[in-house]
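# What the coordinates show
Here is how the chains run, residue by residue.
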Amino acid sequence: VNLNLSETTDKIIAEYIWVGGSGMDMRSKARTLPGPVSDPSELPKWNYDGSSTGQAPGEDSEVILYPQAIFKDPFRGGNNILVMCDAYTPAGEPIPTNKRHAAAKVFSHPDVVAEVPWYGIEQEYTLLQKDVKWPVGWPIGGFPGPQGPYYCSVGADKSFGRDIVDAHYKACLYAGITISGINGEVMPGQWEFQVGPAVGISAGDEIWVTRYILERITEVAGVVVSFDPKPIPGDWNGAGAHCNYSTKSMREDGGYEIIKKAIDKLGMRHKEHIAAYGEGNERRLTGHHETADINTSSWGVANRGASIRVGRDTEKEGKGYFEDRRPASNMDPYIVTSMIAETTILWKP
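Residues numbered from 1 in each chain as written. Predicted model: local features only at pLDDT ≥ 70, side-chain atom pairs only at ≥ 80, totals over all residues. Heavy atoms only, no water.

What follows deals with the UniProt feature "domain: GS catalytic" (unreviewed entry) in the protein. UniProt feature "domain: GS catalytic" (unreviewed entry): in the numbering of this structure it lies at residues 99-349. Along residues 99-349 the backbone is 37% helical and 19% strand, and the end-to-end C-alpha distance reaches 24 Å. (UniProt positions renumbered as here; feature names shortened; annotations may be inferred. Helix = DSSP H or I, 4+ residues; strand = E, 2+ residues; numbered from the N terminus.)

In structure tokens:
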């Protein structure tokens with residue numbers, strides 16, 4: 001029952017969200033607060049049983065949640081909130097799966113702050129039928145017609161799951177996330193949403209909460225969301241999380257030279273980035289299906305087969321942004337965004 005509580009009580013419900021032991025599973029639990037809250041610093045820390053999430057041993061299972069970002073709750077409405085948290089030991093040390101803590105250090109570095117890094121992340125995902133783990137709209141045990149008609153498509157024979165995708169889009173806007181668009185993807189049953197431009201650590205917070213909202217909506221719809229980078233083997237597109245990126249210097253006159261230097265630095269650390277860009281990415285980055293080969297670093301203008309793509313507008317205007325096409329759909333946004341900033345701004349080769 002979706003009751004509006006604001007007419008009967010000042011109390012609010014805060015849903016604390018965190019990343020579980022696999023690095024991709026999302027966990028959450030709710031608590032009652034005496035009234036509306038506008039800043040994470042007003043929220044109490046909380047704890048959970050880390051032995052049940054693969055994040056602590058049973059004999060010392062307490063893990064502490066630190067509230068970091070607040071969003072409006074699209075499920076409960078009113079003044080109720082979603083709270084993105086990261087996790088620490090009782091002694092205040094970040095636990096190994098807390099990737100936000102290290103990212104926050106990078107983003108609070110004065111040189112990074114001065115560059116105001118913007119991120120636009122294109123999160124691809126696949127909707128699966130719950131009991132058979134096969135994409136929605138696909139005949140069970142069989143295949144639809146080959147790719148071509150499905151990208152940005154309309155029609156019951158080409159577009160599968162639009163009601164879920166649209167509900168997610170509106171819920172994210174309600175929550176206050178900078179979701180900037182959605183589209184149907186090349187493989188049927190696969191979709192994409194874009195978050196950004198978001199500055200610094202907020203890009204990671206927003207991607208995680210947007211994933212959480214998507215998991216909640218698919219839960220209601222009775223389908224499963226998959227962030228696997230290659231959910232169906234063979235002649236089908238994989239799923240990535242392309243990361244569009246710019247700094248203040250890149251957005252100003254003469255920025256194209258800064259962009260080229262940044263791309264060179266990313267190329268020098270290609271293997272290091274690939275290792276941190278998601279599990280199973282080698283199944284996706286084959287050099288086919290709009291990807292570059294995982295072992296090579298390349299860039300080009302308007303080239304979707306390159307590791308890093310520069311837009312025609314950026315080349316023409318001599319400033320703007322570039323797109324790192326390497327991250328997998330299951331990447332950790334805290335790791336990827338902070339690593340790009342660290343390599344392009346702080347690292348001195």
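Quick look at the layout of surface pockets now. Estimated volume of the largest pocket: approximately 350 Å³. Considering the residues around the largest pocket, the lining is formed by 20 residues, among which E124, E185, H242, E290 and R304 are closest to the centre. Class assignment of the residues belonging to the lining of the largest pocket gives a composition of 2 nonpolar, 8 polar and 10 charged. In this structure, the second largest pocket is lined by 15 residues; those nearest its centre are S22, G23, E279, N330 and D332. (1 Å grid on protein atoms, 1.4 Å probe; cavity = no way out; pocket = protein on both sides within 12 Å on 5 of 7 lines; lining within 4 Å. Points joined across faces, edges and corners; volume = space filled by probe spheres on them. Nonpolar A, V, L, I, M, F, W, Y, C, P; charged D, E, K, R; others polar.)

With 62 residues, the main nonpolar core has Y125, I177, I213 and F322 as its most contacted residues. Counting residues per element, this core draws most heavily on helix α4 (residues 201-221), at 9 residues. Dropping the residues within four chain positions of it, I213 is found in contact with P74, F75, L82, H168, A171, C172, A175 and I177. Within the second largest apolar cluster, 17 residues are counted, among which are L43, V63, C85 and I95. (Core = buried A, V, L, I, M, F, W, Y, C linked by side-chain atoms within 4.5 Å. Buried < 20%, exposed > 50% of the residue type's maximum accessible area, 1.4 Å probe, protein only. Contact = heavy atoms within 4.5 Å.)

You can see E7 is positioned in the segment before β1 (12-19). Using a relative accessible area of 67% as the deciding quantity, one classes E7 as exposed. Note: C-alpha distance between E7 and G78 (71 residues apart in sequence) is 9.3 Å.

Here the focus is the sheet that holds β1. Sheet architecture is open: 5 strands sit in the order β2-β1-β5-β4-β3, paired in mixed fashion. Two strands close off the open sheet at either side, each with one partner strand: β2 (26-33) and β3 (46-49). Adjacent strand axes in the sheet meet at a mean angle of 40°, parallel and antiparallel pairs treated alike. In the sheet, β3 pairs with strand β4 (residues 62-72) via 4 bridges, with the strands oriented antiparallel. Its bridge partner lying in β4, N47 is registered against I64. This element, α4, spans β1, β2, β4 and β5 (81-88) of the sheet and lies at about 115° to β5. (Pairing = 2+ DSSP bridges. Axes fitted to C-alpha atoms, helices over the stretch in contact; angles between N-to-C directions.)

Another point: the domain arrangement of the protein. In terms of domain boundaries, the protein breaks down into domain 1 (5-96) and domain 2 (110-346). Distance from the C-alpha centre of domain 1 to the C-alpha centre of domain 2: 27 Å. On the domain 2 side, the residues contacting the 17 residues of domain 1 number 16 residues. Taking both partners together, domain 1 and domain 2 bury about 1,600 Å²; carbon and sulfur atoms supply 77% of that area. In terms of surface lost to domain 2, no three residues of domain 1 exceed M24, F71 and F75, which account for 39% of the buried area on that side. Contributions of two or more residues to the side of domain 1 that touches domain 2 are made by β1, β2, β4 and β5. Taken together, the residues of the side of domain 1 that touches domain 2 sort by class into 10 nonpolar, 4 polar and 3 charged. (Domains from an automatic or database assignment. Buried area = accessible area lost by both parts, 1.4 Å probe.)

Right, let's get into the packing of helix α6 (residues 255-268) against helix α9 (residues 333-346). Running from N to C, α6 and α9 point in directions that differ by 115°, and their axes come no closer than 9 Å. At the point where α6 passes α9, the crossing takes the right-handed sense. Only T343, T344 and I345 of α9 make contact with α6, whose side of the interface consists of A262, K265 and L266. In terms of residue class, the contact of α6 with α9 is made up of 3 nonpolar, 2 polar and 1 charged. (Left-handed = near helix turned anticlockwise from the far one by under 90°.)

Further remarks concern empty space enclosed by the protein. Taken as a whole and judged by the stated rule, the model has 2 cavities of 30 Å³ or more. Volume-wise, the largest cavity comes out at about 100 Å³. Contributing elements (two or more residues each) for the lining of the largest cavity: β1 and β5. Here the lining of the largest cavity gets 3 residues from one element, more than from any other, and that element is β5. The residue inventory of the lining of the largest cavity, partitioned by class, reads 6 nonpolar, 3 polar and 4 charged. Each of two domains, domain 1 (5-96) and domain 2 (110-346), supplies a minimum of three residues to the lining of the largest cavity. There is about 50 Å³ of room inside the second largest cavity. Forming the boundary of the second largest cavity are 15 residues, of which L285, A292, S307, R325 and R326 lie nearest the centre.

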